[in-house]
Amino acid sequence: MNRVYIKTYGCQMNERDSEQVASDLRHRGYSIVDTEHDADVVLLNTCSVRDQAEQKAIGKAGYLKKRKRENPNFVIGVMGCMAQNHGSTLVDRLPDLDLVVGTQKFHRVPDHLDNLIQSLNGQGPRPSSIIDLDAEEGSQNTIRDHLGKKGQVSAFVSIMQGCNMNCAFCIVPKTRGRERARPIEEIVDEVTRVAESGVKEVTLLGQIVTSYGRREFPVVGGKSPFVQLLEKIQDVKGIERIRFTSPHPRGFKQDLVEAYRDLSKLCEYIHLPLQSGCDKTLRAMNRPYTKDRYREIVDSLREMVPSMYFSTDIIVGFPGETEADFNETAAFFDEIRYDMAYIFKYSIRTGTPAETMPDQIPQEEKERRNQVLLDLLHKHSLARNEGLLGTTEQVLVEGPAKKGDKYVGHTRGWRNAIFDANPRLVGQLVDLKIDRATASTVYGDLVLAGVDA
Ligand code: SAM
């Protein structure tokens, strides 16, 4: 009864939350297994950002209920954003659910499972579904432990929870609550611990990292709490690379631009959500910036670090987005020359302001606009990678590639790289001489002189 499989949907933050639940469960004596077939308990850590993600999780829960019919002691739980979004109505829809745990209650999962399993073993009354969705003060501080996987070179670190923005399309403020920051010292301690276990690269996670600690901690010497945090992590021995996701254009100030000049470990890759390149659409989305302001940030970053790589989130087919509005977005997208982008087709989210906006865009038109941006992304990503031909880039060797006998790593600019290596090089920063490039990947040979291979 103690083998648990956790399936994660959605973003890096969900992956990080799942890792914390896995770590808590391990400490409680559960074992974490790699497939649902080996499990006595399946926990789905869900995403509500788009309807498709919710439908996938509902489909999976529906499929799993067959197993419960065969084995009444089999436990199914839903955690995270979808649990928070739909609450007890999830159980009306999926009566076989044993556990529904919200985004501020991940740390309660071991207690709930213990209670459920005791009852199922006949040591208590047959339980009804456990539903735990309340807000809990300090819950952001519970996402702090790692599984310490052997050979792990890169780790996510959650620095805050929640979002205070009111983007018209977005369900996240409902599912994740108001912004709550973790103390700087606790984050630095966590980064130090992962560094001691061999991790070389950390990615700091928050819905809007540029809002980190805005209300809790003071600005010091003109530096925001987020930049102060970056400076402290720069000093952590063993950490070689720092990344973060996501900043917001509104809170992107000069101190953060200068951090790219001053902090050698801060990688020259930035994921800066745009959502739309048309001011009218940005206003309708309730995104508090213009495309001119966005361009200013990009220009100041490029001025500071000419080789800076840019990535973004963008939504096509927001209600009321006309052909002319979309063309403006496409032209801006082309102008910025993104190296990477997550392009989303607008998905109606119940309870958000955009749900009831007129002029919803037909699905085929969303598909077409999506393809236009994908083609532009392909053009720029390929050009950027081809520009690296013949150059030498530092890669962090992450491990064997999924297919074949090669190894995989990333450059500082988050270009995916494939090369020959050996297990001793995993976790090392090595130069790569690039001799082939596609839009998604660069290939080449490691320059091993002076490297402990
Ligand atoms: N916190 C980040 C920000 O506001 O800049 C974004 C986090 S959100 C989980 C990830 C991305 O999902 C968003 O940036 C947006 O592009 C996309 N997204 C959110 N709601 C959406 C919706 N209703 N339909 C399609 N895409 C959506």
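Overview of the structure. Being a predicted model, the structure only gives us computed values, none of them experimental.

### Here we look at the site of the ligand
Thought 1: Taken together, 16 residues lie around the ligand, and Phe169, Gln207, Gln275, Asp313 and Ser347 are the ones closest in.
Thought 2: The contact in question runs from a nitrogen atom of the ligand to an N or O atom on the backbone of Phe169, over 3.0 Å.
Thought 3: Within the contact set of the ligand, a nitrogen atom lies 2.8 Å away from a backbone nitrogen or oxygen of Ser347.
Thought 4: Across the complex, the protein chains shield 92% of the 580 Å² of accessible surface that the ligand would expose by itself.
Thought 5: At the level of elements, strand S13 (309–316) and strand S14 (340–345) are the ones that each hand at least two residues to the shell around the ligand.
Thought 6: Residues that form the shell around the ligand fall into these classes: eight nonpolar, three polar and five charged.

### Observations regarding the sheet that holds strand S6 (residues 130–132)
Thought 1: In spatial order, the strands read S2-S1-S3-S4-S5-S6; together these six strands make up an open sheet with parallel pairing. If you trace the sheet from one side to the other, it starts and ends with strand S2 (31–32) and S6, each paired once.
Thought 2: In terms of strand pairing, strand S4 (residues 75–80) meets strand S5 (residues 99–101) through three bridges, oriented parallel. Its bridge partner being in S5, Val78 is matched across the sheet by Val100.
Thought 3: Packing of helix H1 (residues 12–27) onto the sheet brings it into contact with strand S1 (3–8), S2, strand S3 (41–46) and S4, and relative to S1 it is tilted by some 170°.

### Quick notes on the packing of aromatic side chains
Thought 1: Under the counting rule described, the total for this entry stands at eight aromatic pairs.
Thought 2: With a centroid separation of 6.4 Å and an interplanar angle of 85°, the aromatic rings of Phe169 and Phe318 are classed as edge-to-face. One end of the pair, Phe169, is in the loop between strand S8 (160–161) and helix H6 (172–176); the other, Phe318, is in the loop between S13 and helix H12 (323–336), and 149 residues separate them in sequence. This pair shows no difference in class: Phe169 is buried, exactly as Phe318 is.
Thought 3: An aromatic cluster of three or more residues is present, and its members are Phe169, Phe318 and Tyr346.
Thought 4: Here the basic side chain of Lys7 rests over the ring of Tyr9, its NZ or CZ set 5.3 Å away from the ring centre.
Thought 5: Over the aromatic face of Tyr443 sits the side chain of Arg436, whose NZ or CZ is 3.9 Å from the ring centroid.

Rules of the game
Residues numbered from 1 in each chain as written. Predicted model: local features only at pLDDT ≥ 70, side-chain atom pairs only at ≥ 80, totals over all residues. Heavy atoms only, no water. Near = heavy atom within 4 Å. Polar contact = N/O pair within 3.5 Å; in protein donor to acceptor, adjacent residues only side chain to side chain. Areas by Shrake-Rupley, 256 points an atom, 1.4 Å probe, with all protein chains shown as cover. Helix = DSSP H or I, 4+ residues; strand = E, 2+ residues; numbered from the N terminus. Nonpolar A, V, L, I, M, F, W, Y, C, P; charged D, E, K, R; others polar. Pairing = 2+ DSSP bridges. Contact = heavy atoms within 4.5 Å. Axes fitted to C-alpha atoms, helices over the stretch in contact; angles between N-to-C directions. Phe/Tyr/Trp six-rings, centres within 6.5 Å; stacked < 30°, edge-to-face > 60°. Buried < 20%, exposed > 50% of the residue type's maximum accessible area, 1.4 Å probe, protein only. Lys NZ or Arg CZ within 6 Å of the ring centre and 35° of its normal.

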